[in-house]
Amino acid sequence: MTPVTRQEVLGLYRKIFRIAKKWQSASGQIEETIKEKEYIKSEAKTLFRKNKNVTDPKLIKQCIEECEARIEIGLHYNIPYPRPIHLPPMGLAYKQGRMLRHQEKLRKISKPIYLKSHDEVS
């Protein structure tokens, strides 16, 4: 990891904890605010620890983009949780064999960047 990339990653980590410190839930209830703050902190710790040994520059860039996307979406919609995608699991016509594998591949490719790591951790 280059020093510039390292600084960028550490800056994102600090930014997440600053956001968590100032976070207010949409409902304004204290219990919910505390719960959401804890979620933000635990999610950040889990994902950053999971990816601490990543050395591939492309994968690092993808993780940074995912982090930035989740921060922006969370701040915009005032929800700390990843926004779900609205594609039913088998929304496409049922196929067998090669076509089914192709549909699964298309579904995986179409997944938004901000949900890539969420399924791996959950």
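Residues numbered from 1 in each chain as written. Predicted model: local features only at pLDDT ≥ 70, side-chain atom pairs only at ≥ 80, totals over all residues. Heavy atoms only, no water.

*Asks:* Which parts of the structure should I look at to understand the nonpolar core?
*Replies:* The tendency in soluble globular proteins is for nonpolar side chains to be buried as a group. Leu 12, Ile 16, Ile 40, Ile 64, Cys 67 and Ile 71 are the most contacted members of the largest nonpolar core, which totals 13 residues. Residue assignment for this core shows that the elements contributing at least two residues are α1 (3–22), α2 (30–50) and α3 (57–77). Considering every element that reaches this core, the biggest residue donor is α1, with five residues. The contact partners of Cys 67, leaving out residues within four places of it in the chain, are Leu 12, Ile 16 and Phe 48. (Core = buried A, V, L, I, M, F, W, Y, C linked by side-chain atoms within 4.5 Å. Buried < 20%, exposed > 50% of the residue type's maximum accessible area, 1.4 Å probe, protein only. Helix = DSSP H or I, 4+ residues; strand = E, 2+ residues; numbered from the N terminus. Contact = heavy atoms within 4.5 Å.)

*Asks:* Help me out: how do you make sense of a negative patch on the surface in this one?
*Replies:* A cluster of acidic residues, Glu 8, Glu 65, Glu 68 and Glu 72, forms a negative patch on the protein surface. With three residues, the single largest contributor to the negative patch is α3. By secondary structure assignment, the location of Glu 68 is in helix α3. (Patch = residues over 30% accessible without salt bridge, like charges linked within 9 Å, V, L, I, M, F, W, Y side chains within 5 Å. Areas by Shrake-Rupley, 256 points an atom, 1.4 Å probe, with all protein chains shown as cover. Salt bridge = Lys/Arg side-chain N within 4 Å of Asp/Glu carboxyl O. Lys, Arg positive; Asp, Glu negative; His and termini not counted. Charge placed at Lys NZ, Arg CZ, Asp CG, Glu CD.)

*Asks:* Mind showing me how you'd approach the pattern of salt bridges here?
*Replies:* Opposite charge on two side chains makes pairing possible when the charged atoms of those side chains draw close. What the rule picks out here adds up to one salt bridge. A salt bridge links Glu 43 to Arg 70, with the shortest nitrogen-to-oxygen separation between them at 3.2 Å. Within this pair, whereas Glu 43 is found in helix α2, its partner Arg 70 is found in helix α3, the two being separated by 27 residues in sequence. Pair check on accessibility: Glu 43 and Arg 70 agree, each one buried.

*Asks:* Just to check I follow, could you spell out a positive patch on the surface for this structure?
*Replies:* On the surface, Arg 14, Lys 15, Arg 18, Lys 21 and Lys 22 cluster together into a patch of positive charge. If you trace the backbone, Lys 15 turns up in helix α1. On the accessibility criterion, Lys 15 (31% relative accessible area) is partly exposed.

*Asks:* How do you make sense of the packing of aromatic side chains when you look at a structure like this?
*Replies:* Here the distance between the centres and the angle between the planes together describe a pair of aromatic rings. Going through the model one piece at a time under the given rule, you end up with three aromatic pairs. Between Tyr 13 and Phe 48, the aromatic rings sit 4.8 Å apart at their centres with planes inclined by 70°, giving edge-to-face as the arrangement. Highlighted residues: Tyr 13 in helix α1 and Phe 48 in helix α2, separated in sequence by 35 residues. Relative accessible area serves as the criterion here: at 26%, Tyr 13 is assigned to the partly exposed category. The class for Phe 48 is partly exposed, based on a relative accessible area of 23%. Geometrically, the ring pair formed by Tyr 39 and Tyr 81 is tilted, given 4.6 Å between the ring centres and 50° between the ring planes. (Phe/Tyr/Trp six-rings, centres within 6.5 Å; stacked < 30°, edge-to-face > 60°.)

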